[in-house]
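# Close look at the chain arrangement
Each chain is listed here by its residues.
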Amino acid sequence: MNFKLNRRGFLASSSALIVGGLPGMSWAQELPPLEERLPENPLVVTPHERPGQQGGTWNMALVGGGSLSMLFRYQAYDPLLRWNADWSAAEPNVAESYEINEDSTVYTFKLRKGHKWSDGEPFTTEDVRFWFEDVFQDPDAGLTGEEHWYANGELATLEIVDDVTFRVVFPSPNGFFATKMAESNIDQLVRCPSHYLKQFHIKYNDKANELAVERGFESWIALFQREHGLNEDNVHFQNSNRPTLNPWMFTSAPGEDTERAIAVRNPYYFKVDTEGTQLPYFDSINYQMVSDPEVLLLKTLQGEIDVENVYVNTPANKPVLFDEQESGDYHFYTLKETAANVMVFQLNLNHTDAVKNALFNTREFREAMSIAVDRQALIDAVFVGQGSPAQPSIREGDPLYNERLAKQHTEYDPDRANEILDGIVPDKDGEGYRLMSDGRRLSIIFEIDQVRTTFLDMFELALPMFRDIGIDAQIRTMDRSLWEERVRNGREFDATAHQFGANGGIAAMIDPRYFVPFNNNSIYAPGWALYFSNPDNAAAIEPPEEIKVQQQLLRDLLATGDPTRQNEIMSRILENAADLFLVFGVSLPPDGYGVVRNNVVNMLDEMPNSFVWPTPMPIGTEQLFKE
């Protein structure tokens, strides 16, 4: 459609001075008129309650140095296609439109003519080409993953049609490509401003090595990886110089200041409301950097946090948060839980310790550990009795529900667990702990992100249960950034616990992490997961045949766009997952809650809770404002 600005939109949005620092621009530099900052066809957002006005600060917090992936939930989710507010479809976002051919082999995307980066430079298909050729496919860029760009192990080709049109062509059907492009932290091609990043790449700047040395790096490779930041979330967000397409941009990025991070409105943001006012409404976001969830809880109770749905919204905290609603001037909203379990125990099936690796890969061993857990005790103590014992699985009532997968080995039976282990690791030391085949005590250290307080509460009860069957179970807590390094990106840990995944519908098909090891969210088998996407990688581990079967089924699933066929294949994956029993959990999660200040407008009363649908940003956080 052709968009025409009305008078109110122009007056509300075309301030003569920039509201905050932009890369290469001074704090007091004049901006072009609004019509020159917007694309020809901006995305028109219909506010949930009513149109608002620009201004004000969104007060938030980040817990620990490794929680920066939370920024996808608040300010950094603007992919090519975007989930709608109820998670029923992926809709055009940065892309103005897209088309898919009949057999899901050709995807044609059209960008918005006149779309600009936050520094005013054009966003075009040159940025897409640069990402595809010089970041994604350049081994020096250091990227891993992005398996949705492959079909049956073969990489798609990119065809640039013109400045705003490009095609992605697959050698065989890839039915979920468009859906995957809407996931959180997937759409890297809209996060690579080529005009900025080319200065750090040796292909475009023959003095890139000298530039790197000037900035304290060994070579252009290290500096380029640091500047694009796509290898790690905590690196990507620690850069206030790189332009963005998001509604807010950092003027003081996390890590550049230890106490807070500040993001200000992107004056070239491509969305407007129904009255023509450019979004976002909030002038800025102020993130306080807090040390732990207890500090965040106190700040929430005191009304210092405008929106919060991570870390403090635990069952244990709900009574005190409920009681202080009036004094804190906030209220609750409902989070429809989509995670596959409240906590998933994950033994490292690709352990570098050969003895532990063999033991952990014994299904009966995992079964024994599972039935040693009194799940109802954990549910009663940590979740106030809300929930029922279940493995990571699909919720009951969903067409994909598999009762065996959900319920097997959830009974509390320590006698049976001991009986199983007596047949696997019968010898014990003087303290009653079992000995492995090489005579070492059977110790399992669960390495946990310390901000997951419900995990810590559950482990307080679960560790003695494991010890009662002769396993020296321990817990090691750490900052999220160290957990990411040691666990998500390492192989030398014994075990961990995590959450997420998905418990139904199309979300489970695109994130079957506990049923098929396929990406770095399948923490229990990092080598097998890498084999799925990049079998030639030196760190990839060829899995056993039954895992290869699962991975091939997933490839078949991802290749088809036929919903009936998708359900058939996914049902087979789930049935096989019940046979494999790769991980074990506690309970399917009950609905959760978030906290929002009473003066925040356009916040929905109910929404999904997920990282794939990065709660709450798909509701349109750019339309939030204060009375």
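Next up on the list: the overall build of the chain. Each helix and strand in the chain was counted, giving 23 helices and 25 strands. Taking 2.2 N^0.38 as the reference for a compact globule, 627 residues should give roughly 25 Å; the C-alpha atoms of the chain span a radius of gyration of 25 Å, in line with that estimate. Across the 627 residues that make up the chain, the buried fraction comes to 59%. Counted over contacts in the chain with a minimum sequence separation of 6, partners at least 24 positions apart contribute 69%. When the accessible surface of the chain is totalled, it reaches about 23700 Å², and 46% of it is carbon and sulfur.

With respect to the helices, strands and loops of the structure, Pro 79 is situated in the loop between helix H3 (71-74) and strand E3 (81-83). The sequence separation of Pro 79 and Asn 185 amounts to 106 residues, and the corresponding C-alpha distance is 8.4 Å. Every residue in contact with Pro 79, bar those within four places of it in the chain, is listed here: Asn 93, Val 94, Met 181, Ala 182, Asp 187 and Val 190.

Here we come to the sheet that holds strand E19 (residues 472-478). Taking strand neighbours across the sheet as the criterion, the five strands line up as E19-E18-E20-E17-E21 in an open arrangement whose pairing is mixed. The sheet is open, and its two borders are formed by E19 and strand E21 (584-585), each paired with just one other strand. Relative to E19, strand E18 (residues 443-449) runs parallel, the two sharing seven bridges. Bridge pairing in E19 links Ile 444 to Ala 473. Strands in contact with helix H18 (residues 453-467) are strand E17 (344-347), E18, E19, strand E20 (495-498) and E21; relative to E19, the strand with the most contacts, it is inclined by about 160°.

The next subject is the sheet that holds strand E15 (residues 307-308). Pairing within the open sheet is mixed, and its four strands lie in the order E15-E22-E16-E24. At either end of the open sheet lies a strand with only one pairing partner, and these are E15 and strand E24 (606-609).

In this structure, the amide linkage connecting Leu 279 to the following residue, Pro 280, adopts the cis form with an omega of 5°. That bond from Thr 615 to Pro 616 is cis: its omega, 5°, falls within 30 degrees of zero. Following the sequence through the fold, Pro 616 ends up in the loop between E24 and strand E25 (625-626). A positive phi angle, close to 60°, is found at Phe 500, a residue other than glycine. Here Phe 500 is to be found in the loop between E20 and helix H20 (505-510). With a relative accessible area of 15%, Phe 500 lands in the buried category.

Looking at the chain, the pLDDT average stands at 92 and 95% of residues meet or exceed 70. This model gives residues 1-28 a pLDDT under 50, and the stretch forms 68 contacts once residues within four places in sequence are excluded.

Let's shift gears to the pattern of salt bridges. Applying the stated criterion across every chain, the model contains 41 salt bridges. The salt bridge involving Arg 441 is made with Glu 431; its shortest N-O contact spans 3.1 Å. Separated by 10 residues along the polypeptide, Arg 441 in the loop between helix H17 (414-422) and E18 and Glu 431 in the loop between H17 and E18 bring together distant segments of the chain. With a relative accessible area of 27%, Arg 441 lands in the partly exposed category.

When the terminal C-alpha atoms of H18 are compared, their 22 Å separation across 15 residues agrees well with the 21 Å that a helix rising 1.5 Å per residue should span. Bending of H18 peaks at approximately 35° at the position of Glu 460, with proline Pro 464 no more than four residues after it. Buried within H18 are the following residues: Thr 454, Phe 455, Met 458, Phe 459, Ala 462, Leu 463, Met 465 and Phe 466.

The next thing to look at is the packing of aromatic side chains. We describe a pair of aromatic rings using the distance from one ring centre to the other and the angle between the two ring planes. Taken as a whole and judged by the stated rule, the model has 39 aromatic pairs. Between Trp 220 and Phe 224 the ring centres are 6.0 Å apart and the planes differ by 50°, which places this aromatic pair in the tilted class. Of this pair, Trp 220 and Phe 224 both sit in helix H8 (residues 220-228), four residues apart, which is roughly one turn of the helix. Assigned by exposure class, Trp 220 and Phe 224 land together as buried. The structure contains a cluster of three or more aromatic residues connected by ring pairs, namely Tyr 98, Tyr 107, Phe 109, Trp 131, Phe 132, Phe 136, Trp 149, Tyr 150, Phe 166, Phe 170 and Phe 177.

A word on the packing of helix H22 (residues 545-559) against helix H23 (residues 563-580). The geometry of H22 relative to H23 is characterised by a closest axis approach of 9 Å and an angle of 160° between their N-to-C directions. Between H22 and H23, the interaxial angle falls into the category roughly antiparallel. Crossing hand, H22 versus H23: left-handed. Residues Glu 546, Ile 547, Val 549, Gln 550, Leu 553, Leu 554, Asp 556 and Leu 557 of H22 form the contact with H23, whose own contacting residues are Gln 566, Ile 569, Met 570, Arg 572, Ile 573, Asn 576, Ala 577 and Leu 580. Grouping the amino acids of the contact of H22 with H23 by side-chain chemistry returns 10 nonpolar, three polar and three charged.

Turning to helix H10 (residues 293-301), a few remarks are in order. Among all positions of H10, only Pro 293, Leu 296, Leu 297, Lys 299, Thr 300 and Leu 301 are buried. Its side-chain oxygen at 2.9 Å from the backbone nitrogen of Glu 294, Asp 292 defines the N-terminal cap of H10. Gly 303 sits one or two positions beyond H10 and adopts a positive phi of about 80°.

This paragraph deals with the pairing of strand E16 (residues 330-337). Side-chain direction in a regular strand flips from residue to residue, so the side chains alternate between the two faces of the sheet. Of the strand pairs in this sheet, E16 and strand E22 (residues 592-597) are connected by six bridges, and their pairing is antiparallel. Considered in E22, the bridge of Leu 335 is made with Gly 592.

Definitions and cut-offs
Residues numbered from 1 in each chain as written. Predicted model: local features only at pLDDT ≥ 70, side-chain atom pairs only at ≥ 80, totals over all residues. Heavy atoms only, no water. Helix = DSSP H or I, 4+ residues; strand = E, 2+ residues; numbered from the N terminus. Rg over C-alpha atoms; globule rule 2.2 N^0.38 Å. Buried < 20%, exposed > 50% of the residue type's maximum accessible area, 1.4 Å probe, protein only. Contact = heavy atoms within 4.5 Å. Areas by Shrake-Rupley, 256 points an atom, 1.4 Å probe, with all protein chains shown as cover. Pairing = 2+ DSSP bridges. Axes fitted to C-alpha atoms, helices over the stretch in contact; angles between N-to-C directions. pLDDT = per-residue confidence, 0-100. Salt bridge = Lys/Arg side-chain N within 4 Å of Asp/Glu carboxyl O. Expected span 1.5 Å × (residues − 1). Bend = angle between axes of the 7 residues up to and from the residue. Phe/Tyr/Trp six-rings, centres within 6.5 Å; stacked < 30°, edge-to-face > 60°. Parallel < 35°, antiparallel > 145°, perpendicular 65-115°, else oblique. Left-handed = near helix turned anticlockwise from the far one by under 90°. Nonpolar A, V, L, I, M, F, W, Y, C, P; charged D, E, K, R; others polar. Polar contact = N/O pair within 3.5 Å; in protein donor to acceptor, adjacent residues only side chain to side chain.

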